[in-house]
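Chain residues, written in single-letter form:
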Amino acid sequence: MAAEPNVYIDSKFNYWNLPTKARVLLISNVPQAICQPDLLYNLFSFYGDVERVKVLRNKNNCSLVEFSTATFACIAKDHLDQTCIRGEKLVVTFSRFASVRMPEEIGLPGDLNTKDYSGPEYQKFRRYWSEELKKNNMRNIIIPTSTVHISGLQNGKSPNDVKRLFDDFGLSVVDCFGVEVKSKKKKDGQVVPLPPTTPKMFCYVQFATVDDGLVGLSKFGNSAGMRISFAKGSLESLKKNFIEKKLPLIIGDQIPE
């Protein structure tokens, strides 16, 4: 079978002889808490660009997830297979199907169980669509953790506003803090002000469990412009790192100016 195109790939994900048709994963034992196309998209798109998601009609705890490449599918399988969410252990395997077809493509009426994410309106959610994005984001791929990084926050929000978002959904947040987004400097040392609409803060949130981290990312991963990623380390170690770098921390109800 043909190998994938020769494009940038992180060396730790350099899978040999991966068939190009192996782009679709079968996900079994999906808990009802995340068994919706959008929620599965939010979770699986952390590991690769997702094209389509289908929740099976006759088995609503199973779904198909189609990626743009077989490599992304393999990365997601390696990181999410056997992951426990809400008491269910995900089973992630390669599907016998080479693609996910929309209901209209096989003569059935449209439904809410199958969704296409390949259109231009989803471009802003794709983490790996360019070679530069792949280089930047593939090095951050890890197994699910209880700590998440959140970017794209609306201006005027505080860390406590972020915490309340998850609390109101029934998720247990241990701690949350923000880091001010600093103006960029050019090579000549000149400070370039951030555009008015640029988010002025990114956040780290520590959930009580990895389970809550998974549900939090699935529920809010691409909501209101936010981008949520699993992060390494505890909040205490992250705080220490930012303090050492002399980056201003934002705590509680503080709102970055």
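Residues numbered from 1 in each chain as written. Predicted model: local features only at pLDDT ≥ 70, side-chain atom pairs only at ≥ 80, totals over all residues. Heavy atoms only, no water.

S.K.: Requested: an account of the packing of helix α1 (residues 37–44) against helix α5 (residues 210–220), with residues and values cited.
M.R.: Interhelical geometry of α1 versus α5 gives an angle of 115 degrees and a closest axis separation of 7 Å. Here α1 runs over α5; the crossing is right-handed. Between α1 and α5, the contacting residues are Asp38, Leu39, Asn42 and Leu43 on the first element and Leu214, Leu217, Ser218 and Lys219 on the second. Taken together, the residues of the contact of α1 with α5 sort by class into four nonpolar, two polar and two charged. (Axes fitted to C-alpha atoms, helices over the stretch in contact; angles between N-to-C directions. Helix = DSSP H or I, 4+ residues; strand = E, 2+ residues; numbered from the N terminus. Left-handed = near helix turned anticlockwise from the far one by under 90°. Contact = heavy atoms within 4.5 Å. Nonpolar A, V, L, I, M, F, W, Y, C, P; charged D, E, K, R; others polar.)

S.K.: Help me get a handle on the sheet that holds strand β12 (residues 201–207), residues and values and all.
M.R.: Taken together, five strands build an open sheet; the order of strands is β13-β8-β12-β9-β14 and the sheet is antiparallel. On the outer flanks of this sheet lie β13 (227–230) and β14 (249–250), each paired with one strand and no other. Sheet contacts for helix α4 (residues 159–167): β8 (147–151), β9 (173–180), β12, β13 and β14; angle to β9, the most-contacted strand, approximately 145 degrees. Where helix α6 (residues 235–244) meets the sheet, its contacts fall on β8, β9, β12 and β14, and the angle it forms with β9 comes to roughly 15 degrees. (Pairing = 2+ DSSP bridges.)

S.K.: How would you explain the sheet that holds strand β6 (residues 91–94) if you had to name every residue and give the values?
M.R.: Note: strands within a sheet are paired through backbone hydrogen bonds, in either parallel or antiparallel orientation. Strand order in the open sheet made by the five strands is β6-β1-β3-β2-β7, with antiparallel pairing throughout. Of all the strands in the sheet, just β6 and β7 (114–116) have a single pairing partner and so form its edges. The sheet shows a mean angle of 20 degrees between the axes of neighbouring strands, taken without regard to direction. Two strands pair when backbone bridges link them, and strand β1 (residues 24–28) and β6 are joined in this way by four bridges, in the antiparallel orientation. Considered in β6, the bridge of Leu25 is made with Phe94. Contacts between α1 and the sheet are confined to β1, β2 (50–55), β3 (63–67) and β7, with β2 contributing the most and set at about 140 degrees to the helix.

S.K.: Before we move on, could you go through the pattern of salt bridges and cite the residues and values that matter?
M.R.: Two side chains of opposite charge can pair, provided their charged atoms sit close to one another. Within this structure, the stated rule accounts for 13 salt bridges. Where Arg23 meets Glu66, a salt bridge forms, and the shortest distance between an N and an O atom there is 3.1 Å. Residue Arg23 is found in the segment before β1, and its partner Glu66 is found in strand β3; the two are separated by 43 residues along the sequence. By relative accessible area, Glu66 is classed as buried at 7%. (Salt bridge = Lys/Arg side-chain N within 4 Å of Asp/Glu carboxyl O. Buried < 20%, exposed > 50% of the residue type's maximum accessible area, 1.4 Å probe, protein only.)

S.K.: Please give an account of the pairing of β8 that cites residues and values.
M.R.: Within β8, four of the five residues are buried, which leaves it mostly tucked inside the rest of the structure. Sheet topology places β8 next to β12; four bridges connect them, and they run antiparallel. Paired with Val148 across the two strands is Val205, which belongs to β12. Here β8 runs beside β13; their pairing, made up of four bridges, is antiparallel.

S.K.: Any chance you could break down the packing of aromatic side chains for me, citing the residues and the numbers?
M.R.: When we look at a pair of aromatic rings, we describe it by the centre distance and by the angle of the planes. One pass over the full model with this rule turns up 16 aromatic pairs. For the ring pair Tyr41 and Tyr117, a centre distance of 4.0 Å and an interplane angle of 10 degrees mean the geometry is stacked. Linking Tyr41 in helix α1 with Tyr117 in the loop between β7 and α3 (131–137), this pair joins segments that are 76 residues apart in sequence. A residue is classified by how much of its surface remains accessible, and Tyr41, at 4% relative accessible area, is buried. (Phe/Tyr/Trp six-rings, centres within 6.5 Å; stacked < 30°, edge-to-face > 60°.)

S.K.: Account for unusual backbone geometry, with residues named and values stated.
M.R.: One non-glycine residue, Arg86, lies in the positive phi region at around 50 degrees. Overall, Arg86 belongs to the partly exposed group, its relative accessible area being 35%. The backbone of Lys246 shows a phi angle near 60 degrees, a positive value even though the residue is not glycine. Within the secondary structure, Lys246 sits in the loop between α6 and β14.

S.K.: For the nonpolar core, give the residues involved together with the corresponding values.
M.R.: Among the nonpolar cores identified, the biggest contains 52 residues, and Leu43, Phe44, Phe67, Ile150, Phe166, Val205 and Phe230 are the most heavily contacted of them. The contacts of Phe67, once residues within four sequence positions are left out, are Arg23, Leu25, Phe44, Gly48, Asp49, Val50, Glu51, Phe72, Ala73 and Ala76. (Core = buried A, V, L, I, M, F, W, Y, C linked by side-chain atoms within 4.5 Å.)

S.K.: Run through the pairing of β1, naming residues and quoting values.
M.R.: Most of β1 is tucked away, with four of its five residues classed as buried. Examined bridge by bridge, β1 and β3 share four bridges and lie antiparallel to one another. Looking at β3, one finds that Ile27 is bridged to Ser63.

S.K.: So what's going on with helix α2 (residues 70–80)? Which residues, and what values?
M.R.: A large share of α2 lies buried, amounting to nine of its 11 residues. Three or more residues of α2 are buried, namely Ala70, Thr71, Phe72, Ala73, Cys74, Ile75, Ala76, His79 and Leu80. Contact partners of the buried residues in α2: β1, α1, β3, β6 and α3. Gln82, located one to two residues past α2, shows a positive phi value of around 75 degrees.

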